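Each chain is listed here by its residues.
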Amino acid sequence: MTNADENFEIRMPTGTDDPLSDAEIQKYREEIDRLNREILDSVKRRTQIAQVIGKTRMESGGTRLVHTREVAIINQFRDEIGEEGPALAAILLRMGRGKL
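How each quantity is defined
Residues numbered from 1 in each chain as written. Predicted model: local features only at pLDDT ≥ 70, side-chain atom pairs only at ≥ 80, totals over all residues. Heavy atoms only, no water. Helix = DSSP H or I, 4+ residues; strand = E, 2+ residues; numbered from the N terminus. Expected span 1.5 Å × (residues − 1). Buried < 20%, exposed > 50% of the residue type's maximum accessible area, 1.4 Å probe, protein only. Arc of directions from axis to C-beta. Axes fitted to C-alpha atoms, helices over the stretch in contact; angles between N-to-C directions. Left-handed = near helix turned anticlockwise from the far one by under 90°. Contact = heavy atoms within 4.5 Å. Nonpolar A, V, L, I, M, F, W, Y, C, P; charged D, E, K, R; others polar. pLDDT = per-residue confidence, 0-100.

### Notes on helix H3 (residues 67–81)
Now for step 1: Taking 1.5 Å as the rise per residue, H3 with 15 residues should run 21 Å; its terminal C-alpha atoms sit 21 Å apart, in good agreement.
Now for step 2: Turning to H3, its buried residues number three or more, namely Glu70, Ile73 and Phe77. For H3, the angular spread of buried residues about the axis comes to 60°, placing them on one side. Exposed and facing more than 90 degrees away from the buried side of H3 are His67, Thr68 and Asp79.

Written out as structure tokens, the structure reads:
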């Protein structure tokens, strides 16, 4: 490997040829990558906790899900995120309890 190869960095296209805009976009992308990691870690933890709750509820003779709780979560996501919120909430709920 040559020195030129060692200094070569693969960058994702930013959609601009302006070096200042390119640098700014790269900075924001690094922040998005960090946030994506936080989101993924949180989703995994949320799924684990929801599965434990479901298992505990069913072992104690309860139901697989609590409809009013799911509706409250869907409404919270709608209020906080907007029209895409319910779809995101539904995915998270399904990950925790499985398909109905």
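### Focus on the packing of H3 against helix H4 (residues 85–97)
Now for step 1: At a minimum axis separation of 7 Å, H3 and H4 run at an interaxial angle of 145°. Handedness of the crossing formed by H3 with H4: right-handed. Packed against H3, whose contacting residues are Glu70, Ile73, Ile74, Phe77, Arg78 and Ile81, the element H4 presents Gly85, Pro86, Leu88, Ala89, Leu92, Leu93 and Arg97 at the interface.
Now for step 2: For the contact of H3 with H4, a count of residues per class yields 9 nonpolar, 1 polar and 3 charged.

### Overview of the confidence of the model for the chain
The predicted structure's coordinates, where accompanied by low pLDDT, should not be read in detail.
Now for step 1: Residues of the chain with pLDDT of at least 70 account for 84%, and the chain-wide mean is 88.
Now for step 2: Highest mean pLDDT in the chain belongs to H3 (98); lowest belongs to helix H1 (residues 3–6) (56).

### Quick notes on H4
Now for step 1: For H4, which comprises 13 residues, the first-to-last C-alpha distance of 18 Å matches the rise-based estimate of 18 Å (1.5 Å per residue) to within 8%.
Now for step 2: Buried residues of H4: Gly85, Pro86, Ala89, Leu92, Leu93 and Gly96, and no others. Here the buried residues of H4 occupy an arc of 125° about the axis, which is enough to place them on one side.
Now for step 3: Two residues or fewer after H4 comes Gly98, characterised by a positive phi angle close to 90°.

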